[in-house]
Amino acid sequence: MSETMTPLETTPMRPVPRPGVLGIAPYVPGKSKAANGRTLFKLSSNETPLGASPAARAALEDVSAHLELYPDGSAAELRAAIGEVYGINPDRIVCGAGSDEILSLLAYAYLGPGDEAIYSEHGFLVYDIAIRAAGATPVVAPEQDLTADVDAILARITDRTRMVFLANPNNPTGTYLPFSDIRRLHAGLPANVLLVLDAAYAEYVRRNDYESGIELAATSENVVMTRTFSKIYGLANLRLGWGFGPVHVIDALNRIRGPFNVSGAAIAAGIAAVRDRAFIETAVEHNDVWMPWVSEELRKIGLDVTPSVGNFVLIHFPDREGKRAVDADAYLSARGCVLRLVGNYGLPNSLRMSIGSEAANRMVVAAVAEFMQS
């Protein structure tokens, strides 16, 4: 028999994904279940404990009478509402099924085989997925004290770099970069490299040196800011997000996004939610009370907690038998408290806890204290 294989013999017996697809680690969401019979406190996905605005819920009910109709493919009224609230041009806004879709569209539009894109060491896992799905190569920049390092990012720029993803504040660490550092990062990037500022938690930040990136995106040719309705607005179930950037970038994204990528329900609820500023302030006030309280109480127990500006905290457990994060996770889950293991973020001995209701926060702190004393 000839050692040379025929074309028939080399043809795969089933469709095969293009190179790199099967190398992508699937995104694993936070757990949503606890032990049977237990009251569930789900604090694994950074969802708001206040739910959605009553105005958003009412708008959703109105849409239910017309489910047979396609939504506005351009989400014009929603973009106008966002523009009105933030004082920006609606023509420079694109809406998507969560900010995740906007991040993926950016990767598909600007990355391909042979290109590189950079994100920080403990950055949002969707960046890696989007980069690889586009056929490009992810480059990870190490952090300092669980915070993105501008110099480390700039040191990894090559002639193959096409994009930098930066979550500010970062998930899952809760840390942030002051805007002076963001401007320094932008100034150090080549003009053809797109800086993507993921500001999913911007509404929670109350620091004088923080900016979400709107101004930089408004005045630069290579900056896009993304936002979500899944966190403080409480619309995670509807999947809604938006991006703001230069006209030429928004035009590129509109050419490849689905024609009806945002549902009519999401559009209607989003319009009502973004205009309900009183509800947002109530959510911020709740977080301003309970995030510091949770952090301090956990520190009193003897645990390290990374200072956070988001609606969640990163809790670090001792590296000893029976007291590691995985042990704490099992102990808490059995008592109805579901937090997030973050080993896939390179933090194998930590749990991320979303700030919940008063009852949830007190229950978790008490359960962690029992766990550490047991």
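Residues numbered from 1 in each chain as written. Predicted model: local features only at pLDDT ≥ 70, side-chain atom pairs only at ≥ 80, totals over all residues. Heavy atoms only, no water.

Given two aromatic rings, their pairing is described by the distance between the two centres and the angle made by the two planes. Enumeration over the complete set of coordinates arrives at 11 aromatic pairs. With 5.0 Å between their ring centres and 70 degrees between their planes, Y201 and F312 make a pair best called edge-to-face. One end of the pair, Y201, is in the loop between β6 (194-198) and α8 (214-219); the other, F312, is in strand β10 (residues 312-316), with 111 residues separating them in the sequence. The same class applies to Y201 and to F312, which are both buried. Note that R335 overlies the ring of Y331, its terminal NZ or CZ placed 3.5 Å from the centroid. (Phe/Tyr/Trp six-rings, centres within 6.5 Å; stacked < 30°, edge-to-face > 60°. Helix = DSSP H or I, 4+ residues; strand = E, 2+ residues; numbered from the N terminus. Buried < 20%, exposed > 50% of the residue type's maximum accessible area, 1.4 Å probe, protein only. Lys NZ or Arg CZ within 6 Å of the ring centre and 35° of its normal.)

Looking at where N168 falls in the secondary structure, it is placed in the loop between β5 (161-167) and α7 (179-187). For N168, the side chain forms a polar contact with the main-chain nitrogen of L177, separated by 2.7 Å. Each residue touching N168, except ones within four places of it in the same chain, is listed here: Y176, L177, I182, D198, A199, Y210 and E211. (Polar contact = N/O pair within 3.5 Å; in protein donor to acceptor, adjacent residues only side chain to side chain. Contact = heavy atoms within 4.5 Å.)

All right, on to the packing of helix α4 (residues 98-110) against helix α5 (residues 125-133) then. In contact at an axis separation of 8 Å, α4 and α5 are set at 35 degrees when each is read in the N-to-C sense. Both α4 and α5 take part in a crossing whose hand is right-handed. Contacts between α4 and α5 involve D100, L103, S104, A107 and Y108 from the first element and V126, Y127, A130, I131 and A133 from the second. For the contact of α4 with α5, the per-class residue count stands at eight nonpolar, one polar and one charged. (Axes fitted to C-alpha atoms, helices over the stretch in contact; angles between N-to-C directions. Left-handed = near helix turned anticlockwise from the far one by under 90°. Nonpolar A, V, L, I, M, F, W, Y, C, P; charged D, E, K, R; others polar.)

Turning to empty space enclosed by the protein, a few remarks are in order. To locate leftover empty space, one rolls a probe as large as a water molecule over the atoms. For the structure on display, the rule yields two cavities of 30 Å³ or more. Lining the largest cavity are S120, T147, A148, L166, A167, N168, N170, T175, Y176 and L177. In terms of residue class, the lining of the largest cavity is made up of five nonpolar, five polar and no charged. By volume, the second largest cavity amounts to about 40 Å³. Taken together, T48, P49, L50, Y204, A283, H286, N287, N311 and I355 form the lining of the second largest cavity. For the lining of the second largest cavity, the residue count by class is five nonpolar, four polar and no charged. (1 Å grid on protein atoms, 1.4 Å probe; cavity = no way out; pocket = protein on both sides within 12 Å on 5 of 7 lines; lining within 4 Å. Points joined across faces, edges and corners; volume = space filled by probe spheres on them.)

Residues annotated in UniProt with the feature "modified residue: N6-(pyridoxal phosphate)lysine" (unreviewed entry) correspond here to K231. Within the element layout of this structure, K231 appears in the loop between β7 (223-228) and β8 (241-244). Classification of K231 by relative accessible area gives buried; the value is 16%. Residues within four places of K231 in sequence aside, it is in contact with S45, N46, T48, A200, Y201 and Y204. Within polar-contact distance, the side chain of K231 engages the backbone oxygen of S45 at 3.1 Å. (UniProt positions renumbered as here; feature names shortened; annotations may be inferred.)

This next bit is on helix α11 (residues 277-301). When the terminal C-alpha atoms of α11 are compared, their 36 Å separation across 25 residues agrees well with the 36 Å that a helix rising 1.5 Å per residue should span. Listed as buried for α11 are F279, I280, A283, V284, H286, N287, W290, M291, V294, S295 and L298. Those residues of α11 that are buried are in contact with α2 (54-63), β9 (304-306), β10, β13 (347-354) and α13 (358-373). Where α11 terminates, the next one or two residues include G302, which has phi positive at roughly 110 degrees. (Expected span 1.5 Å × (residues − 1).)

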